[in-house]
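# Structural features, examined
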Amino acid sequence: RRRGLRKKRDDDDDDDDLSDGDHRRRLLGIRKLVFAAIPAAACASTLAATVVVFAPAARANYPGGVALRRIQALYCDDPAPRSLHVDVAAATTGASRFGQEFDHWVYDKRENIADAVDYAAYDLRIAQLDPRDDADAESRRRYFTDLATVDGYAGLALATTWPFIVHRRTPALALLERRDDGGGPQS
């Protein structure tokens, strides 16, 4: 009897040898799969971060470009020549020569305008939302009307729903149009 049991155990050991070889091949296959999956997962997570986090942040980080496109869209059907002043805040956040669409417009990025009357020479302005100095504040009060505001990037916040990241925005730039009433205090 013992011999029969021993024989059976020996037969089981032979089966184990075969299963050990199969087991090693399976482990090798799994190992190859894992090593192939790691770069794929890294690429997928990079793509997801780009789509969910970085691309929207980059798009929102250039309110000057958005403002230039928006103010030109307001007057796209009007062939009249216009003069547009682009202040520093707008110029440094995307309002560049590449976005200037109209040859009949004068685009000016002059800095350090010290007198409110100098701003009155422009038909349109793209300016930071809060006046940067007294001349800017006075020109807005006396000569310009707000057309719209453009939001800028204000950071990230966590959310409880997908995609779990919210891009916060805050008003950053004002689109201004010179009033036709010739100036004077705004009523």
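Residues numbered from 1 in each chain as written. Predicted model: local features only at pLDDT ≥ 70, side-chain atom pairs only at ≥ 80, totals over all residues. Heavy atoms only, no water.

### Regarding the sheet that holds strand β3 (residues 124-128)
One key point about sheets: their strands pair by backbone hydrogen bonds, in either a parallel or an antiparallel sense. To keep it simple, the criterion reads: Strands were regarded as paired on the criterion that DSSP finds at least two bridges between them. In this description a helix means any DSSP run of H or I spanning at least four residues, a strand means any run of E spanning at least two, and both kinds are numbered starting from the N terminus. Interaxial angles span 0 to 180 degrees and are taken between N-to-C directions of axes, which are lines fitted to C-alpha atoms, for helices over the stretch in contact.
Strand order across the open sheet formed by five strands is β2-β1-β3-β5-β4, with mixed pairing between neighbours. Looking at which strands have only one partner, the edges of the open sheet turn out to be β2 (105-108) and β4 (144-158). The average angle at which neighbouring strand axes cross in this sheet is 20 degrees, direction not considered. As defined by bridge partners, strand β1 (residues 82-86) adjoins β2 across four bridges and the pair is classed as parallel. Looking at the pairing, H85 lines up with D108 of β2.

### Things to note about the packing of aromatic side chains
Convention followed: In this analysis, rings of Phe, Tyr and Trp, with Trp reduced to its six-membered ring, are considered paired at centre separations within 6.5 Å, and the interplanar angle assigns stacked below 30 degrees, edge-to-face beyond 60, and tilted for intermediate values. We count a charge as sitting over a ring when the NZ of a lysine or the CZ of an arginine lies within 6 Å of the ring centre and within 35 degrees of the ring normal.
Per the counting criterion, the structure on display carries four aromatic pairs. An angle of 85 degrees between the planes, with centres 5.8 Å apart, marks the rings of W162 and F164 as edge-to-face. Each residue in the set Y75, F102, W105 and Y107 is aromatic and connected to the rest through ring pairs, giving one cluster. Positioned above the aromatic ring of F144, the side-chain terminus of R125 is 5.4 Å from the ring centre.

### Section: the side chain of S83
This is how the line gets drawn: Only heavy atoms enter the contact rule, under which two residues are in contact if any of them lie within 4.5 Å.
Of note, S83 is situated in strand β1. Ignoring any residue separated from it by four or fewer positions in sequence, one finds S83 in contact with V106, A121, Y122, D123 and L124.

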